[in-house]
Amino acid sequence: MLAISFILALCLKHCLFLKIVRTQRFGEDKAPPQSFLRLNNVRSPVLTSLTSCLWISLELEDLGFVWDSEFKIQLEKTGKYIAIGGIYVRFDFPKEFLFTPEKWFFFCFTYDNKNKRLQVFLNSKNIYNEVIETHLDSFIIEQDFLKHERFGKPGQFAGQFTDLNMWSTIINYDDINELYSCEEIVKVPDVLDWKTAELNLGPNITLLEREVHPCNEHENHESEQMIYSVKISMEPEKKAERRCNALGGIMKAPENNSELQKLVKNLNLTQDCP
């Protein structure tokens, strides 16, 4: 295990990243049982609410079990869940969200244990907002619960993450949007502050330094038109009508079917919209 609180204290903002290498979920090269990220010297009272945010980059869409214990964050191709007190809550990423390996995205959730409301945010957009009532009446966020939490266990998670921060309050949409946009917010993460936390790293977990934070990279990616599907239909006038979903806008339709076919070939796209 490696304690790195001293390095964190000296490091500039947004420079530390954890990389978890891929191991098989089942097989001879499974990571050893102690291989996960654990927090040291974390003290928190019994919480009535919690906000957690982090930046994530997955190596594979099916290796995204980020957080395991009191809460669980499970990001899988077959389903995405947050588990609270043993209750699994399923949510979906928007259809326009295009998963690509090693693409960074910003993920937050807020949970109010008084009214049992869970909200989930992807790249600052609210994608889930519901009251979870079933079997949570007696659930409490135990004191010092972070002592028992495990993050990024190889074999269940493969990729990178950074800026894992937690607050004892529900931070609002404006704050989440500012974090997503590389801005500072007034509310200091009082449960877990990534810049000052003491981390213990198990095997297969590597500490990295980067000059560019993913919030800057993501801004550049979203400015590009990322087309993932094209559909051809012919109008009575024999003009090609091109439809697609894109991040950043809709491209102009080609003037004829030949131009459309050329576009499809150059971008290696299918001709069927999802």
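Residues numbered from 1 in each chain as written. Predicted model: local features only at pLDDT ≥ 70, side-chain atom pairs only at ≥ 80, totals over all residues. Heavy atoms only, no water.

## Describing the packing of aromatic side chains
Each aromatic ring pair is described using two quantities: the centre-to-centre distance and the angle formed by the ring planes.
Thought 1: The tally for this structure, following the rule as stated, stands at 19 aromatic pairs.
Thought 2: Between phenylalanine 157 and phenylalanine 161 the ring centres are 5.7 Å apart and the planes differ by 80 degrees, which places this aromatic pair in the edge-to-face class. Each member of the pair, phenylalanine 157 as well as phenylalanine 161, is classed as buried.
Thought 3: One aromatic cluster is present, formed by Trp67, Phe71, Phe109, Tyr111, Phe139, Phe145 and Phe151 through successive ring pairs. (Phe/Tyr/Trp six-rings, centres within 6.5 Å; stacked < 30°, edge-to-face > 60°. Buried < 20%, exposed > 50% of the residue type's maximum accessible area, 1.4 Å probe, protein only.)

## Topic: the nonpolar core
Thought 1: Counting 50 residues, the largest nonpolar core has Trp67, Phe71, Phe107, Phe109, Leu118, Leu146 and Phe161 as its most contacted members.
Thought 2: Phenylalanine 71 has contacts with Leu50, Ala83, Ile84, Phe109, Tyr111, Phe139, Ile141, Phe145 and Glu149, leaving out every residue within four places of it along the chain.
Thought 3: Trp104, Ile171, Tyr180 and Ile185 belong to the second-largest nonpolar core, a separate cluster that totals 13 residues. (Core = buried A, V, L, I, M, F, W, Y, C linked by side-chain atoms within 4.5 Å. Contact = heavy atoms within 4.5 Å.)

## A short note on the layout of surface pockets
Thought 1: Taken as a whole, the second largest pocket holds about 250 Å³ of empty space.
Thought 2: Lining the second largest pocket are 13 residues, with Glu61, Lys77, Lys80, Phe93 and Phe97 positioned closest to its centre.
Thought 3: At the level of secondary structure, the elements contributing two or more residues to the lining of the second largest pocket comprise strand S6 (79–84) and strand S7 (87–91). (1 Å grid on protein atoms, 1.4 Å probe; cavity = no way out; pocket = protein on both sides within 12 Å on 5 of 7 lines; lining within 4 Å. Points joined across faces, edges and corners; volume = space filled by probe spheres on them. Helix = DSSP H or I, 4+ residues; strand = E, 2+ residues; numbered from the N terminus.)

## Some points on unusual backbone geometry
In terms of backbone geometry, most residues other than glycine have negative phi values and most peptide bonds are trans.
Thought 1: Of note, lysine 116 is a non-glycine position whose phi angle comes to about 60 degrees, a positive value.
Thought 2: Its location among the elements puts lysine 116 in the loop between strand S8 (104–112) and strand S9 (117–122).
Thought 3: Residue classification places lysine 116 among the buried positions, given a relative accessible area of 9%.
Thought 4: Phi is positive for asparagine 123, close to 50 degrees, though the residue is something other than glycine.
Thought 5: Mapped onto the elements, asparagine 123 comes out in the loop between S9 and strand S10 (125–131).
Thought 6: The exposure class assigned to asparagine 123 is buried, which follows from its relative accessible area of 8%.

## Re the pattern of salt bridges
Oppositely charged side chains can pair when the atoms bearing their charge come close.
Thought 1: Counted by the stated rule, this structure contains five salt bridges.
Thought 2: Between aspartate 175 and lysine 187 there is a salt bridge whose closest N-O contact spans 4.0 Å. Note that aspartate 175 is positioned in helix H2 (residues 173–180) and lysine 187 in the loop between H2 and strand S13 (198–201), a separation of 12 residues in sequence.
Thought 3: The exposure class of aspartate 175 is buried, given its relative accessible area of 12%.
Thought 4: Here the salt bridges share partners, and the residues they tie into one network are Asp68, Lys72 and Arg150. (Salt bridge = Lys/Arg side-chain N within 4 Å of Asp/Glu carboxyl O.)

## Digging into the state of the cysteines
Thought 1: Inspection of every chain in the model, using the stated rule, returns two disulfides.
Thought 2: What pairs with cysteine 53 in a disulfide is cysteine 108, and their sulfur atoms sit 2.1 Å apart. Here cysteine 53 and cysteine 108 share a disulfide; its torsion about the S-S bond, 115 degrees, makes the bridge right-handed. Taken together, the residues span a long stretch of sequence, with cysteine 53 in strand S3 (residues 49–58) and cysteine 108 in strand S8 at a distance of 55 residues. Assigned by exposure class, cysteine 53 and cysteine 108 land together as buried.
Thought 3: Between the sulfur of cysteine 182 and that of cysteine 215 lies a disulfide, 1.6 Å long from S to S. The disulfide joining cysteine 182 to cysteine 215 has a torsion of about 105 degrees about its S-S bond and is therefore right-handed. Taken together, the residues span a long stretch of sequence, with cysteine 182 in the loop between H2 and S13 and cysteine 215 in helix H3 (residues 214–222) at a distance of 33 residues.
Thought 4: On the accessibility criterion, cysteine 215 (5% relative accessible area) is buried. (Disulfide = S-S within 2.5 Å.)

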